[in-house]
Each structure stands twice: as C-alpha cells, then as structure tokens.
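Coordinates in review
Here is what each chain is made of, one letter per residue.
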Amino acid sequence: MSLPWSGPQVQVLPTAGRRAAPALERAVIWLLGAFVAAQCFGLPLLGAGPWALWPTLADALLWLALLLSVLYRAPLRPDLRPLGQGLAAITALSALSVLLLLVMGDGRLNVALPFGVFQLFKLIQLLGVFWMAARLPLSQPVLDSWEKAARFGFLVMVVTVTWTYFSPAIPNFLGQFLPRGLGVSGPWESYYLHNERGLGTLGYNHAHVAAMVLLQGALLMMLRPLKSNTWVLLCIVLACFLSGARAGLVGALLFVLLEGLRTPLRSTLMVLLAGVLALAAMPYLQTELDSLIARQATILEAGNVENLAGRGDIWQTYVKNLAADPLRLLLGSGMGSGIANNGSNAHMMVLQVLYETGIAGLSVMLMLFGWLMSRLYALRDHRAGIALNVLIGLWATTFATETLYPNSAFGSFLPLLALVTVVALTPASAAVLAPNPGSEYSPTLQEPAAALASSRTLGWED
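Here the residue index of a chain counts from 1 through its sequence in written order. Only residues with pLDDT of 70 or above have their local features reported here, since the model is predicted, and side-chain atom pairs are shown and tallied only from 80 upward, although totals for entire chains, interfaces and linings are computed over all residues. The side-chain numbers reported here are obtained from all heavy atoms of the structure, hydrogens and water having been left aside.

Comments concerning the overall build of the protein chain
The helix and strand inventory of the protein chain stands at 18 helices and zero strands. Burial classes follow relative accessibility: with a 1.4 Å probe on protein chains only, a residue under 20% of its type's maximum area counts as buried, one over 50% as exposed, and anything between as partly exposed. Burial status across the protein chain gives 53% buried among its 462 residues. Within the protein chain, counting contacts between residues at least 6 apart in sequence, those at least 24 apart form 76% of the total. A run of H or I in DSSP counts as a helix once it spans at least four residues, and a run of E counts as a strand once it spans at least two, with each numbered from the N terminus. Throughout, a residue-residue contact means that at least one pair of heavy atoms, one from each residue, lies within 4.5 Å.

Spelled out as structure tokens, the structure:
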C-alpha cells in the first residue's frame, strides 16, 4: 500500500474493482456532505469513554467515510501533496510531543496524557478529512451538493444560537439525554445546568460556537460564487454576537470587513440595513440584550485587565513557567501538559503552543499557515479569497483562545477546516474539468492544465 500522498500508480484493475470504486467514491462524497451538515449538532451521541472523546454525529460520519475511502485507490491531487505531507509530518511530530510528557516527568500524567491523546486524535481526524477530500474529483455537481449541506448546517446554527439566547428550552431538552454527574460529563454539565445563553446545538464553549458559525458561513459563501452572500455575512455577525464570544465577534467583524473590501457598495448597503433593523428592534429587545451588549462592548476596552475574565493571571502563570526552563521553551512540555501543569488552558494560542510544543512547534505552525495563506493569496479567485479572509479572522480570535490548535472544547472544528482548505485550494477550472462522480466511470480524471499529465486510477485497495 502506498502512502496517501505518493504519486499516481497505473495498474490493471479487476473489473469488479473498477465498478466498485466510483460507487465508493460517491458514498464518500455523500458522507462528507453529511459531515458538513452535521456540524450544526455538536452534542455527543454516546457517553462512552472520557467526556472529551464522546463521539458526535460528525465523528461517526467521518470514520465511516474514512473506512470507505481506504477501500479504493486514488492519489492526492498533485498540487495538494506538499500540504498533505506537511500535515502528516505535523501529526507524527505531535505523537512525539505526547511521548515528551514521559520525558519531562512533570507529574499529573493522569491529567496530561488523556488531553495529549485527544489532541493527537483530533489531528488524525484532520489528516483523515484532508486525505479523503484531496483524493476526490471536486466537480461542480459535487460542490453544489455540498453547498446544500453547508446551507442547511449554517441556518440551523444561526437559528439555534438565536433560540438558545432567548430561551433555555433546547439545552433543557437535550440535557436530559447527556450523561450526568460531576467527573463524568465534565464541562458538558454547563450546557444544561447553567443555562448558558447562545450555545445553540453546537457545544458547551462560546468561542467554539462563534468559530463554527464563522467557518461554516465562510464555506457556504465559497460554495455559492455567483450568488449574493449579504445575508450570510449578516447571519455570521448576528450569531457571533449572540454567542457571547467576544473574540469570536472580533473575528467575525474582521472577516466581514475584509469581504466588504471586495464589494464595497454592497457592504455599505448591508451595514446601513443592519443598523436600521437593529435600531428598530432595540425597544423590543433591550431588556434581553442589555447584559450581552455590556459584555460585547468590553471589546473596545481590551487593555482593561478587569475585562479579561481572569486571563491575565493565566497568561502570567504560563509566561513564568516558560521563562523558568529554557529547554521547556525550546521543545515544550508535551501536548496535553498545559492544563495539567497550569490548571487551565492558556486562553491564547501562541502561549499554548509555546508551552506544549516550544519554539520548535510554534515555528512549524507559523510556517504551515504562512505557506497556506500565501497559496490562497496566489490563487486570487473567489474561494481562495474567502478562505484567506476567514483564516485572518480566525487568527484574530487566537489572542483569547486556542482556535487553530487541538482543543477539547472545539469539537470537529479542525477537521472541518481541513475540508474547507481543500475546497479553497481547488481552482475554478478544476471544478469545471473534473468529471461528475455519478457519470460513467473512467480511470483517468481530467485536472487543471498544469496537472493534465497526471493519471488517477481507482480500484480496491490492496
């Protein structure tokens, strides 16, 4: 069996294998579409194992798609192989970072190891989604079907976030089916016990809710290039505002601003319309929104320590522990060590990455995203532009949370980001040239002009 990022291999396939391959490919495409739609429901289906590993509907769809995907042979798109190799290398280095927990000998291994294993597990999911999507012919019919899935998931997100801000009915109902008991359900208890507002059906963490709304909304915009996305931008801002995540709202506003620069007239009209509607609704919603407005307004006073919700003390603890040990600063303390050694996550991605993987890990992360963002900028098309803007918006959120780093509170965010990346790096010409998976099977798929020489052969995996 060849590595998933190895070059195309031409071989004579059994007739049964040739017939089965396109059917499996269509099933994977459908399951990935269902995976996109299922992002709107992030609550676990079962309470098996540690709470951080409770499987969700998105997890179940992901693993089923991966199982089917390994049953047929198809190489990664040539233009995506470097990124695939980079992600595989990062996953391998992360496995070594988990083993570093044993070397550092900090104690509390019973806390650090489960979190480290979870982070590695989430990176494996990310790599799996990328590997599946990068082997598919992303024709226009495929992208159109995913657009319907993204639209469904996004609308459910916005509706449920709005609903749970004004009413606790959804958490009260769904909480009946979540395992209960301190030490069993962990932070999931806050979902149904504390009546946290604006969580929708996505999860127990406000930052996660805002990040998922922003990413799903951006994916929807990428998949509808010829349609107006003004309503999508408005819904992103509305849901991120109601989620109560201040960093999430900053990221959403930055994304909307960057998108507005591409269509300034439409953006201006959108802002004016939103302002008029907000003023009209204020007399009816002022009582409900007073506390939320006061919370979100603290964004304008980010330098005030009182508005950091204890983050100042957490940051000082992390910086102090890093400064005390040069080796820890260079290589980190091991993935999962942050919460074990310091009592909580850093609530700032750079600090979290520095503490757990050191300067070495942070350098790798910056190189990966630098390369990715430069590729998106070089493409200069509709999808790549939106993806670049949403990455900038997500990076803006990292000053107060670990958005782009494996985080037990963030569900399937990183695997979805992997899928969004593949879609963003697919040039419009490739979507037009790629055959419809539902059409008569051909072992060679047409690709962009730069890759027409590469063949793509499907069949049963050995």
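Observations concerning the packing of helix α3 (residues 81-104) against helix α15 (residues 349-379)
For any two helices packed against each other, one specifies the inter-axial angle together with the distance between the axes. Two numbers describe how α3 lies on α15: the axes approach to 12 Å, and their chain directions differ by 165 degrees. Taken together, α3 and α15 sit at an angle that is classed as roughly antiparallel. Crossing angle aside, the handedness with which α3 passes α15 is left-handed. Contacts between α3 and α15 involve Pro82, Leu83, Leu87, Ile90 and Ser97 on the former and, on the latter, Glu356, Thr357, Val364, Leu368, Trp371 and Leu372. Between N-to-C directions, angles span 0 to 180 degrees; the directions come from axes that are lines fitted to C-alpha atoms, helices contributing only their stretch in contact. To sort the angles, those under 35 degrees are grouped as roughly parallel, those over 145 as roughly antiparallel, those from 65 to 115 as roughly perpendicular, and the leftovers as oblique. Helix crossings fall into two classes, left-handed where the near helix is turned counterclockwise from the far one by less than a right angle and right-handed where it is turned clockwise.

Here's the deal with the packing of helix α2 (residues 57-69) against helix α4 (residues 109-133)
Put simply, α2 and α4 touch, their axes get as near as 10 Å, and they point 50 degrees apart. Taken together, the axis directions place α2 and α4 in an arrangement best described as oblique. For α2 against α4, the interelement crossing comes out left-handed. Here Asp59, Leu62, Trp63, Ala65, Leu66 and Ser69 of α2 lie close against α4, whose contacting residues are Phe121, Lys122, Ile124, Gln125, Gly128, Val129, Trp131 and Met132. For the contact of α2 with α4, the per-class residue count stands at nine nonpolar, three polar and two charged. The residue classification treats Ala, Val, Leu, Ile, Met, Phe, Trp, Tyr, Cys and Pro as nonpolar and Asp, Glu, Lys and Arg as charged. All others, Gly included, are polar.

With respect to the nonpolar core
Within the largest apolar cluster, 133 residues are counted, with the highest numbers of intra-cluster contacts made by Phe130, Trp146, Tyr191, Phe255, Leu376 and Phe413. Looking at this core, the element that brings in the most residues is α4, giving 13 residues. Beyond its immediate sequence surroundings of up to four residues, Leu376 is in contact with Ala384, Ala387, Leu388, Leu391, Ala424 and Leu425. Nonpolar cores were defined as sets of buried Ala, Val, Leu, Ile, Met, Phe, Trp, Tyr and Cys residues, with membership established by side-chain atoms within 4.5 Å.

Points about helix α8 (residues 206-222)
A helix is expected to reach a length of 1.5 Å times the quantity of its residues less one. Helix length check: α8 (17 residues) gives 25 Å between terminal C-alpha atoms against 24 Å at 1.5 Å per residue, within 8%. Across the 17 residues of α8, 15 count as buried, placing the element largely inside the fold. We call two N or O atoms a polar contact when they sit within 3.5 Å, provided that within protein one can donate a hydrogen and the other can accept it, with sequence-adjacent residues counted only if both atoms are side-chain atoms. Capping the start of α8 is the job of one residue whose side-chain oxygen sits 2.9 Å from the backbone nitrogen of Ala207: Asn205.

Some details on the pattern of salt bridges
Here, a salt bridge means any side-chain nitrogen of Lys or Arg that lies within 4 Å of a carboxyl oxygen of Asp or Glu. Evaluated as defined, the whole model comprises five salt bridges. Between Arg224 and Glu147 there is a salt bridge, and its shortest N-O distance comes to 3.7 Å. With Arg224 in the loop between α8 and α9 (230-243) and Glu147 in helix α5 (residues 140-166), the pair connects residues that are 77 residues apart, well separated along the chain. Owing to a relative accessible area of 9%, Arg224 belongs among the buried residues under this scheme. According to the relative accessible area criterion, Glu147 is buried, its value standing at 5%. One connected set of salt bridges, linked through shared partners, spans Asp106, Asp325 and Arg328.

Some remarks on unusual backbone geometry
In most cases, non-glycine residues show a negative phi, while peptide bonds are predominantly trans. One non-glycine residue, His347, lies in positive phi territory at about 55 degrees. In this structure, His347 sits in the loop between α14 (337-342) and α15. Here His347 falls in the partly exposed class, since its relative accessible area comes to 25%. Positive phi, normally seen in glycine, also occurs at Arg380, with a value near 55 degrees. On the secondary structure map, Arg380 appears in the loop between α15 and α16 (382-397).

Some words on the packing of aromatic side chains
Note on aromatic contacts: the rings of Phe and Tyr and the six-membered ring of Trp form a pair at centre separations within 6.5 Å, being stacked when their planes are under 30 degrees apart, edge-to-face when over 60 apart, and tilted otherwise. Within the structure shown, the criterion is met by 11 aromatic pairs. With centroids separated by 5.1 Å and ring planes inclined at 85 degrees, the aromatic side chains of Tyr165 and Phe166 adopt a geometry described as edge-to-face. Given a relative accessible area of 3%, Tyr165 falls into the buried group. According to the relative accessible area criterion, Phe166 is partly exposed, its value standing at 33%. Judged by centre distance (5.9 Å) and plane angle (90 degrees), the ring pair of Phe410 and Phe413 falls under edge-to-face. Judged on exposure class, the residue Phe410 and its partner Phe413 are both buried. Taken together, the ring pairs in this structure connect Trp51, Phe115, Trp188, Tyr191 and Tyr204 into an aromatic cluster.

Some details on the confidence of the model for the protein chain
The predictor's confidence in any single residue is recorded as pLDDT, a number from 0 to 100. Chain-level statistics for the protein chain give a pLDDT mean of 82 and a share of 79% at 70 or above. Element-level mean pLDDT values for the protein chain span from 62 in helix α18 (residues 428-433) up to 97 in helix α17 (residues 413-424). Below pLDDT 50 for its whole length, residues 439-462 participates in 64 contacts with residues either more than four positions away or in separate chains.

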